[in-house]
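The chain contents come next:
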Amino acid sequence: MLDVKASSRSDVLISFVEQVSGSEMVVSVGEDAQKRRVRLDTGEHLELIWRGPEELRSLPAQLVEVVAGDSPTWRLKVVGPASRGQRRSAVRAPMSVSIEVALGERVLTGTTVDLSEGGTRCLLTGKPGVAKPEIEVGAVLPVAVDLDGDRLAVKAEVIRRHAREDHHSELSLRFVGLGERREDAIRRRVFAELRDLRSRGLI
């Protein structure tokens, strides 16, 4: 699987390699976060990103032909050497989904304030008169996020505690060892939320 960044678009597309021959390759037509095939014009400059054995790799390419059919493909020409790649900065959406944070034997519940494949800012529900839990910056805790009924269980590092004067706790968390499949699941949900917000004129 490839991440595909097109120079004419701000999002990241998903594609699959069909064939490689010398400086050319054939890949499936890229799909957006809603799994819709995307139309690009020949001549489009692309950055292909994939996960190597130890790191992400990146390869510049140019779209030279769109091949129609039941399973349409793009024929690409490689225009530069492969290098260490970086996925684009994680796109973050303001969204509220249920979250659980395990602190020892205690499970803290609340909702996200925003979410990305890199992490989340969340608000954990407290009770008046009950002391807030002691959560240290740098602690790595088990976390479960509800993605439309799918329970996503991960580890997360506490990177910031946000000061609050009420009885709730607000944290910024960085997901640890999420894995490509779960990153993609979060990314699809984030893009869907952003499209919905844009359609309603909220962003």
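Refer to the structure above for everything that follows.
The structure contained in this document is the topic of the report that follows. Being a predicted model, the structure only gives us computed values, none of them experimental. (Residues numbered from 1 in each chain as written. Predicted model: local features only at pLDDT ≥ 70, side-chain atom pairs only at ≥ 80, totals over all residues. Heavy atoms only, no water.)

1. Examining the overall build of the protein
Then step 1. When helices and strands are tallied, the protein shows one helix and 15 strands.
Then step 2. The principal-axis extents of the C-alpha atoms in the protein amount to approximately 65 × 40 × 25 Å.
Then step 3. The 203 residues of the protein split such that 41% are buried.
Then step 4. Restricting the contact set of the protein to residue pairs at least 6 apart, pairs at least 24 apart contribute 51%.
Then step 5. Accessible surface, the protein: about 11,600 Å² in total, of which carbon and sulfur atoms supply 47%.
Then step 6. Side chains of the protein carry 32 positive and 31 negative charges; the gap between the two charge centres is 2 Å. (Helix = DSSP H or I, 4+ residues; strand = E, 2+ residues; numbered from the N terminus. Buried < 20%, exposed > 50% of the residue type's maximum accessible area, 1.4 Å probe, protein only. Contact = heavy atoms within 4.5 Å. Areas by Shrake-Rupley, 256 points an atom, 1.4 Å probe, with all protein chains shown as cover. Lys, Arg positive; Asp, Glu negative; His and termini not counted. Charge placed at Lys NZ, Arg CZ, Asp CG, Glu CD.)

2. A look at the nonpolar core
Then step 1. The biggest cluster of nonpolar side chains holds 27 residues, and the ones touching the most others in it are Ile99, Leu124, Val143, Val145, Leu173, Phe175 and Ile186.
Then step 2. For this core, the secondary-structure elements that each account for two or more residues are strand E10 (98-103), strand E11 (106-116), strand E12 (119-124), strand E13 (140-147), strand E14 (150-162), strand E15 (169-176) and helix H1 (180-199).
Then step 3. In this view, valine 145 contacts Val97, Ser98, Ile99, Asp150, Arg151, Leu152 and Phe175; residues no more than four positions away in its chain are not counted.
Then step 4. Judged by nonpolar contacts, the second largest core, of 16 residues, contains Leu13, Val38, Leu46 and Ala61. (Core = buried A, V, L, I, M, F, W, Y, C linked by side-chain atoms within 4.5 Å.)

All we've got here are geometric facts, nothing functional implied.
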